[in-house]
Amino acid sequence: MAYIDHNGGVPSSSSSKSVDVQQQQQQSCSGTYFAGDVEDDILAAYDKRGMPWTESIRDDGSPLLYMPYWKFQINFMKENLSNLRVIPTGDHSYKESSDGKARIFNMCFQSDEYRKIRMTYYDVGHDCQVFNSLWYPNTSRGDLPVLGIDLLSFNGRKRNLAVVDFQPVCDQMKNDDNSKLHFEKRLAFIRRKYKSLQGKMSKRFYDETQFFSKQMLFAKYDQEGIFDVCKDLFPAYQDYVREHLRMVQKSSESIADDSYVLERQRAYDNYSAERDPATAMFNKMFGKKWADDFVFNFLFSLSDAPEMIDN
């Protein structure tokens, strides 16, 4: 094993984006899925941008801290998901800053188990390394939690953040006894193994009572905490990915209405798009127009335009 460092109310019915279930199942990112072999489609996307990268865009000797996570996830999806296919990402597939010091690469997938899986790698050398991914279960599986992965490192590994969570889309405010959050019992067993990832999220950007579970893997650490977190983070991330798929596969039948589940996933996207602190970072590197389009039409593609979100 490599040694690596490393949300809302019901949306308004006046939304500008359609929530037709079939359309959203087929158009999760920027278009309908490719009809070719998934391996060929991945390689084609890779070849255009030299992925998986082996060195940073910056000539500063900085390691690509989270590339092992990217590689693991791609291989895991190919080996374990049914009918996996690549979804075109259009103009969101790759972006490089005007000064050539930052780049971002994105892919989007769909399978029988998942409506959408998106992946992002952001490389700014020592200044910043980010791996981010979201797994949205197929709406026919019920109101299952979204798997959220957010791994960030800043300022030459002086500031680091790791978040992995099963983010509930069911209306937690209407389920005070958490009767629908059975998955947390299994996560608690996994989380107990990783003491360095049992931190608590601040309330600066998010309300932990909305779209976050009580078994979130969380660590905010500096260089002194690198060793303890690094030995836990990669295996813990793998455990949560495997457990999420196990949960989705066991939930093959659901009495929940597809349109209701999609509305809850849309509420999650609106909540997240409105609060994501990465928006400012992308504004600075790539410009506001591209950043806003990226956040609202790729990262959280069911979300409304900023002016359409109710406060």
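Our structure's up above, just so we're on the same page.
Thresholds applied
Residues numbered from 1 in each chain as written. Predicted model: local features only at pLDDT ≥ 70, side-chain atom pairs only at ≥ 80, totals over all residues. Heavy atoms only, no water. Helix = DSSP H or I, 4+ residues; strand = E, 2+ residues; numbered from the N terminus. Buried < 20%, exposed > 50% of the residue type's maximum accessible area, 1.4 Å probe, protein only. Areas by Shrake-Rupley, 256 points an atom, 1.4 Å probe, with all protein chains shown as cover. Contact = heavy atoms within 4.5 Å. Pairing = 2+ DSSP bridges. Expected span 1.5 Å × (residues − 1). Arc of directions from axis to C-beta. Core = buried A, V, L, I, M, F, W, Y, C linked by side-chain atoms within 4.5 Å. Polar contact = N/O pair within 3.5 Å; in protein donor to acceptor, adjacent residues only side chain to side chain. Axes fitted to C-alpha atoms, helices over the stretch in contact; angles between N-to-C directions. Parallel < 35°, antiparallel > 145°, perpendicular 65-115°, else oblique. Left-handed = near helix turned anticlockwise from the far one by under 90°. Nonpolar A, V, L, I, M, F, W, Y, C, P; charged D, E, K, R; others polar.

### A short note on the overall build of the protein chain
Consideration 1: Secondary structure assignment for the protein chain yields eight helices and eight strands.
Consideration 2: Across the 311 residues in the protein chain, those meeting the buried criterion constitute 56%.
Consideration 3: With an accessible surface of roughly 14,300 Å², the protein chain has 48% of that area assigned to carbon and sulfur atoms.

### Some remarks on helix H8 (residues 288-299)
Consideration 1: Those residues of H8 not exposed but buried are Trp 290, Ala 291, Asp 292, Phe 294, Val 295, Phe 296, Phe 298 and Leu 299.
Consideration 2: Close packing links the buried residues of H8 with strand S2 (94-96), strand S3 (103-110), strand S4 (114-123), strand S5 (128-137), helix H6 (258-275) and helix H7 (278-286).

### Quick notes on the pairing of strand S6 (residues 146-154)
Consideration 1: Across the nine residues that make up S6, a large majority, eight, are buried.
Consideration 2: Inspection of the sheet shows S6 paired to strand S7 (residues 159-167) by nine bridges, in the antiparallel sense. Note that in S7 the partner of Ile 149 across the bridge is Val 164.

### Section: helix H2 (residues 38-49)
Because each turn of an α-helix spans 3.6 residues, side chains separated by three or four positions end up pointing in the same direction.
Consideration 1: Along its 12 residues, H2 runs 17 Å from first to last C-alpha, staying within 8% of the 16 Å computed at 1.5 Å per residue.
Consideration 2: Along H2, the residues that are buried comprise Val 38, Asp 41, Ile 42, Ala 45 and Tyr 46. The arc that holds every buried residue of H2, seen down its axis, measures 135°, which confines them to one face. Pointing more than 90 degrees away from the buried face of H2 are the exposed residues Asp 47 and Lys 48.
Consideration 3: If you follow the buried residues of H2, they end up packed against helix H3 (67-80), strand S1 (85-87) and S3.
Consideration 4: Immediately downstream of H2, the backbone of Gly 50 shows phi near 70°, a positive value.

### Considerations on the nonpolar core
Consideration 1: The biggest cluster of nonpolar side chains holds 56 residues, and the ones touching the most others in it are Trp 70, Phe 109, Phe 131 and Trp 135.
Consideration 2: Sorting elements by how many residues they give to this core places helix H5 (residues 226-250) first, with 12 residues.
Consideration 3: When neighbours within four sequence positions are excluded, Phe 131 is seen to be in contact with Tyr 66, Tyr 69, Trp 70, Gln 73, Met 119, Thr 120, Tyr 121, Ile 149, Asp 150, Leu 151 and Tyr 237.
Consideration 4: If you look at the next biggest cluster of nonpolar residues, it comprises 27 residues, including Leu 134, Val 169, Phe 286 and Phe 300.

### Examining the side chain of His 244
Consideration 1: Looking at where His 244 falls in the secondary structure, it is placed in helix H5.
Consideration 2: By relative accessible area, which is 0% here, His 244 ends up buried.
Consideration 3: A polar contact is formed between the side chain of His 244 and the backbone nitrogen of Leu 147, at a distance of 3.4 Å.

### Points about the packing of H7 against H8
Consideration 1: In the contact formed by H7 and H8, the axes pass within 7 Å of each other and the chain directions differ by 135°. With respect to each other, H7 and H8 are oriented oblique. Two packed elements cross with a definite hand, and for H7 against H8 that hand is right-handed. Judged by residue contacts, Thr 279, Phe 282, Asn 283 and Phe 286 of H7 engage Lys 288, Trp 290, Ala 291, Asp 292, Phe 294, Val 295 and Leu 299 from H8.
Consideration 2: Tallied by class, residues from the contact of H7 with H8 come to seven nonpolar, two polar and two charged.

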